[in-house]
Amino acid sequence: GENVEQHPSTLSVQEGDSAVIKCTYSDSASNYFPWYKQELGKGPQLIIDIRSNVGEKKDQRIAVTLNKTAKHFSLHITETQPEDSAVYFCAASETSGTYKYIFGTGTRLKVLA
Amino acid sequence: SAVISQKPSRDICQRGTSLTIQCQVDSQVTMMFWYRQQPGQSLTLIATANQGSEATYESGFVIDKFPISRPNLTFSTLTVSNMSPEDSSIYLCSVSNISRNEQYFGPGTRLTVT
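Residues numbered from 1 in each chain as written. Chains lettered and ligands numbered in written order. Predicted model: local features only at pLDDT ≥ 70, side-chain atom pairs only at ≥ 80, totals over all residues. Heavy atoms only, no water.

1. Observations concerning the interface of chain B and chain A
Next up, step 1: Contacts between the two partners involve 21 residues from chain B and, on the opposite side, 20 residues from chain A.
Next up, step 2: Taking both sides of the interface into account, the surface hidden between chain B and chain A amounts to around 1600 Å²; carbon and sulfur atoms contribute 53%.
Next up, step 3: At the boundary of chain B with chain A, the tally comes to 2 salt bridges.
Next up, step 4: The interface formed by chain B and chain A includes 9 residue pairs in polar contact (both at pLDDT 80 or more).
Next up, step 5: Among the elements that take part in the side of chain B that touches chain A, strand β4 (residues 31-37) of chain B stands out by supplying 4 residues, more than any other.
Next up, step 6: By residue class, the composition of the side of chain B that touches chain A is 10 nonpolar, 7 polar and 4 charged. (Contact = heavy atoms within 4.5 Å. Buried area = accessible area lost by both parts, 1.4 Å probe. Salt bridge = Lys/Arg side-chain N within 4 Å of Asp/Glu carboxyl O. Polar contact = N/O pair within 3.5 Å; in protein donor to acceptor, adjacent residues only side chain to side chain. Helix = DSSP H or I, 4+ residues; strand = E, 2+ residues; numbered from the N terminus. Nonpolar A, V, L, I, M, F, W, Y, C, P; charged D, E, K, R; others polar.)

Take a look at the structure:
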């Protein structure tokens, strides 16, 4: 089955700097890769996603890149702000037709003012 | 995206009792899922709630411990039975429509078992 690894587990950046979180997956047939932001005391919020027929997707200060050959995808946050501080999870869809996700282990991002 | 609510938002329960968590969506959805998130950990899928039939459980989760109902396309319940302190977690429901594959999560239920 699918396995997703996520690095780093914690990341501290200065306000205004960029942050990059990386995930690798094992099933080359996976075709959908969402990213979630979870703030303290809240449920995960879908912030951006990418499908396997696209190499990059941007939405304002966040972007996701996908390298299908290497089986990895990354989240890029530019011009970080204190409100970006949260735990971020990547996920990959299973290809068994069950519409299930396999989640990464999470990255705790701290943006230092 | 769908608006998802969960009840209760948090609870403190005694060992050996059961708690039923409700998940309500503001529109009809194809898929509903239940996850467990232990403190400081990632999300682990408990089961897929199937409308009108028995839920599909993941390895390590059984119906006797986590019975699930899904009477219609907007509502589901998860019961945590015969609770022990190890069941202290956040329980999350998520919803998806198979045409899009995106999952949206509810706010979670924070359960503490003493």
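From this point, things continue past the structure.
2. Brief notes about the state of the cysteines
Next up, step 1: Throughout the structure, instances matching the rule amount to 2 disulfides over all chains.
Next up, step 2: Between the sulfur of C23(A) and that of C90(A) lies a disulfide, 2.0 Å long from S to S. For the disulfide bridge between C23(A) and C90(A), the dihedral angle about the S-S bond is near -100 degrees, and by the sign convention the bridge is left-handed. With C23(A) in strand β3 (residues 19-25) and C90(A) in strand β9 (residues 86-93), this pair connects stretches of sequence that are 67 residues apart. The pair C23(A) / C90(A) is uniform in exposure class, with both members buried.
Next up, step 3: Each sulfur in the disulfide pair C23(B) and C93(B) lies 2.0 Å from the other. (Disulfide = S-S within 2.5 Å. Buried < 20%, exposed > 50% of the residue type's maximum accessible area, 1.4 Å probe, protein only.)

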